[in-house]
Amino acid sequence: MTTASKPVRTRFAPSPTGYLHLGGARTALYSWAFARHFGGTFVLRIEDTDLERSTPEAVQAIIEGMEWLGLTHDEGPFYQMQRMDRYREVVAQMLSEGTAYHCYSSPEEVEAMRERMRAAGEKPRYDGTWRPEEGKTLPAVPADRKPVVRFKNPLDGEVSWDDFVKGTITIGNKELDDLVIARPDGTPTYNFCVAVDDWDMEISHVLRGDDHVNNTPRQINILRAIGAPLPLYGHLPMILGSDGQKMSKRKDAVNVMEYPAQGYLPEAILNYLARLGWSHGDDEVFSMEQVTAWFDGTHLSNSAAQFNIEKLNWLNNHYIKQADNERLATLAQPRMLAAGAVFEGAPALPAVLALMKERTNTVNELADAAMLFYRTPQPDAALLAQHLTDAVKPALAQFAERCATVEWTKEALAAMIKEVLAANTLKMPLLAMPLRLIVTGQLQTPAIDAVLQIFGRDAILARLAKFL
Ligand code: GLU
């Protein structure tokens, strides 16, 4: 996958036309992990030459997404718009070396030639009117017309590369047009800029989406023409939506930054994306240290991956269980405050989250579940009437009395509850349900002894007193 003599340099080269989407994040992750694995360099390049669609907000969103994921770049961000002089320089060099030429065909003429070829059942391409050849006389240069610059693509032979995801790919040069590399106003075009950048940035391995497979032979030909070494290419199959169709923001959260908003941890997203298109044996859970130790460009899948929210939820639950409770508290707190949580005089949030996190898929779910400790309970009157019956009241009074002196540990509370139940010949739910209602306002809570313990003696006594 790599040659000892050449330092590994990868790049992530997003076009800033929107947010960082999952597919882009996976490309960034793989390029980053590959560079880390070989002790190489990971470059961030912003391909912002499409002036109509590129925005500074999108650049910001992409950088923010990368930062949230922790995919730190070593060089850049380089902006293509700031490299125009360099592209012009290479265009001029190619013109002088004869690997590119001025073409004065008007857009209408080019369209007409394409039309003729289509009609003749051929693949539409530029017919080479202005392509200089030995012994060929070119037409007279039209007055007042600015030329485009076309790349002199080889006429015969083929372009072949050993794609490290897809295997060998071969395209005949006959399939390729004499690509326009500079427009009449001198601005360079997409494939040309990518080739020059990969050369200047000494990129050794290009990992990108397989929507770029068609660009690769063009870029290889340009790289050859300018005397640049070729990077190795790996084209990643796309990520399909949960329904097996193209991903769309209507159905799935495509924007990476929707995930923190929904309560996903970056390590869950990274783990999920790492496995979505790459494998290490049967492993499903791995840290980024393991990914960088193992990610050597092999075991990349050649078939499209399908997004599966259940699997992501399972991973997120795993990482929530592993996460430091103080960190979870920092993440959960803003949502809880917005929902009216009162933290003053209430149990410490990290301890509450530790109690509740076992079965929650997202930090948002966890925050919502934890609210029961941070709002004044308002038990529903009908439920109270149903559960706080005359038969239970004496037991509850006894319970309250013993609460004043019992050792305030989960174990001691559990033992005390058992004794009160036995003394009153009651079964657990008959006491636990009204207790839950009084203490939290709801019937569903974690184990009652744990809930009592976390609230603390004073809070429990105060809440009970209102109902006795
Ligand atoms: N700018 C391209 C994109 O966002 C990627 C180009 C490349 O990786 O070569 O799809």
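Residues numbered from 1 in each chain as written. Predicted model: local features only at pLDDT ≥ 70, side-chain atom pairs only at ≥ 80, totals over all residues. Heavy atoms only, no water.

**Q** Explain the overall build of the protein to me, using residue names and the numbers behind them.
**A** Along the protein, the regular secondary structure elements total 19 helices and 12 strands. Projecting the C-alpha coordinates of the protein onto the three principal axes gives extents of approximately 110 × 45 × 40 Å. Buried positions account for 48% of the 468 residues belonging to the protein. For the protein, the share of sequence-separated contacts (at least 6 apart) that also reach a separation of at least 24 residues comes to 74%. Surface accessibility of the protein: about 22,200 Å² in total, with carbon and sulfur atoms responsible for 52%. If you average the places of the 48 positive and of the 59 negative side-chain charges in the protein, the two averages end up 3 Å apart. (Helix = DSSP H or I, 4+ residues; strand = E, 2+ residues; numbered from the N terminus. Buried < 20%, exposed > 50% of the residue type's maximum accessible area, 1.4 Å probe, protein only. Contact = heavy atoms within 4.5 Å. Areas by Shrake-Rupley, 256 points an atom, 1.4 Å probe, with all protein chains shown as cover. Lys, Arg positive; Asp, Glu negative; His and termini not counted. Charge placed at Lys NZ, Arg CZ, Asp CG, Glu CD.)

**Q** Give a detailed account of the packing of aromatic side chains, specifying residues and quantitative values.
**A** Counted by the stated rule, this structure contains 13 aromatic pairs. One aromatic cluster in this structure is built from Tyr 30, Trp 278, Phe 286, Trp 294 and Phe 295. A cation over a ring is seen here: Arg 150 above Tyr 126, with NZ or CZ 3.8 Å from the ring centre. (Phe/Tyr/Trp six-rings, centres within 6.5 Å; stacked < 30°, edge-to-face > 60°. Lys NZ or Arg CZ within 6 Å of the ring centre and 35° of its normal.)

**Q** Describe the site of the ligand, naming the residues involved and giving the relevant values.
**A** Lining the immediate surroundings of the ligand are Arg 11, Ala 13, Pro 14, Ser 15, Glu 47, Tyr 190, Val 194, Arg 208 and His 212. Coverage of the ligand by the protein amounts to 81% of the 300 Å² it exposes when considered alone. Of the residues in the shell around the ligand, the class split is 4 nonpolar, 2 polar and 3 charged. (Near = heavy atom within 4 Å. Nonpolar A, V, L, I, M, F, W, Y, C, P; charged D, E, K, R; others polar.)

**Q** Just give me the short version of the sheet that holds strand S5 (residues 148-151), but keep the residues and values in it.
**A** A sheet is described by the order of its strands in space; here 3 strands give the open sequence S4-S5-S8, paired in antiparallel fashion. Here the strands that pair on one side only, and so sit at the sheet edges, are strand S4 (100-103) and strand S8 (180-182). The average undirected angle you get between the axes of adjacent strands in this sheet is 45°. Across 4 bridges, the pairing between S4 and S5 is antiparallel. Across the sheet, His 102 pairs through a bridge with Val 149, a residue of S5. (Pairing = 2+ DSSP bridges. Axes fitted to C-alpha atoms, helices over the stretch in contact; angles between N-to-C directions.)

**Q** How would you sum up the side chain of Thr 41? Please name residues and give values.
**A** Along the chain, Thr 41 falls in strand S2 (residues 41-46). Excluding anything up to four places from it in sequence, Thr 41 contacts Val 8, Arg 9, Thr 10, Ala 35, Asp 74 and Glu 75.

**Q** Pulling in residues and values, what's your account of unusual backbone geometry?
**A** Cis rather than trans, the peptide bond between Gly 76 and Pro 77 has omega equal to 5°. By the element assignment, Pro 77 lies in strand S3 (residues 75-79). Of note in the backbone geometry, His 299 takes a positive phi value of approximately 60° without being a glycine. Mapped onto the secondary structure, His 299 falls in the loop between helix H9 (288-294) and strand S12 (305-306).

**Q** Now, about the environment of Ala 395: what can you tell me, with residues and values included?
**A** Structurally, Ala 395 can be placed in helix H15 (residues 393-403). The buried category is assigned to Ala 395, whose relative accessible area is 0%. In this structure the C-alpha to C-alpha distance between Ala 395 and Gly 23, which are 372 residues apart in sequence, comes to 60 Å.

**Q** Which residues make up the packing of H15 against helix H16 (residues 410-423), and what are the values?
**A** Packed helices, taken two at a time, are described by their axes: the angle between them and the distance between them. Two elements in contact, H15 and H16, have axes separated by 10 Å at closest approach and are oriented at 145°. Helix-helix and strand crossings are classified by hand; for H15 and H16 the assignment is right-handed. Here Ala 395, Gln 398, Phe 399, Arg 402 and Cys 403 of H15 lie close against H16, whose contacting residues are Met 416, Ile 417, Glu 419, Val 420 and Ala 423. For the contact of H15 with H16, the per-class residue count stands at 7 nonpolar, 1 polar and 2 charged. (Left-handed = near helix turned anticlockwise from the far one by under 90°.)

**Q** Tell me about the pairing of S3, residues and numbers included.
**A** Here S2 pairs with S3 via 3 bridges, running parallel. In the sheet register, Arg 45 faces S3, and the bridge partner there is Phe 78. Each parallel crossover has a hand, and the one from S2 via helix H2 (residues 56-69) to S3 is right-handed. (Right-handed = clockwise from strand over helix to strand, strands pointing away.)

**Q** I'd love a proper account of the environment of Leu 312, names of residues and values included.
**A** Structurally, Leu 312 is set in helix H10 (residues 309-322). Residues Leu 312 and Ala 268 lie 44 residues apart in sequence; the distance between their C-alpha atoms is 7.0 Å. Beyond its immediate sequence surroundings of up to four residues, Leu 312 is in contact with Tyr 259, Tyr 264, Ala 268, Ile 269, Tyr 272 and Phe 307.

**Q** Please set out the pattern of salt bridges residue by residue, giving values where relevant.
**A** It is possible for side chains of opposite charge to pair when their charged atoms get near one another. Applying the stated criterion to the full structure yields 28 salt bridges. In this structure, the salt-bridge partner of Asp 243 is Lys 251, at a minimum N-O distance of 2.9 Å. Judged by its relative accessible area of 39%, Asp 243 is partly exposed. Close ionic contact of Glu 358 with Lys 321 constitutes a salt bridge, the shortest N to O distance being 4.0 Å. Within this pair, whereas Glu 358 is found in the loop between helix H12 (349-356) and helix H13 (363-370), its partner Lys 321 is found in helix H10, the two being separated by 37 residues in sequence. With a relative accessible area of 48%, Glu 358 lands in the partly exposed category. (Salt bridge = Lys/Arg side-chain N within 4 Å of Asp/Glu carboxyl O.)

**Q** If you had to explain the side chain of Asn 215 to someone new, which residues and values would you point to?
**A** With respect to the helices and strands, the residue Asn 215 is situated in the loop between strand S9 (205-209) and helix H6 (216-225). The class of Asn 215 is buried, set by a relative accessible area of 15%. With residues near it in sequence (within four places) discarded, Asn 215 still touches Tyr 190 and Asn 191.

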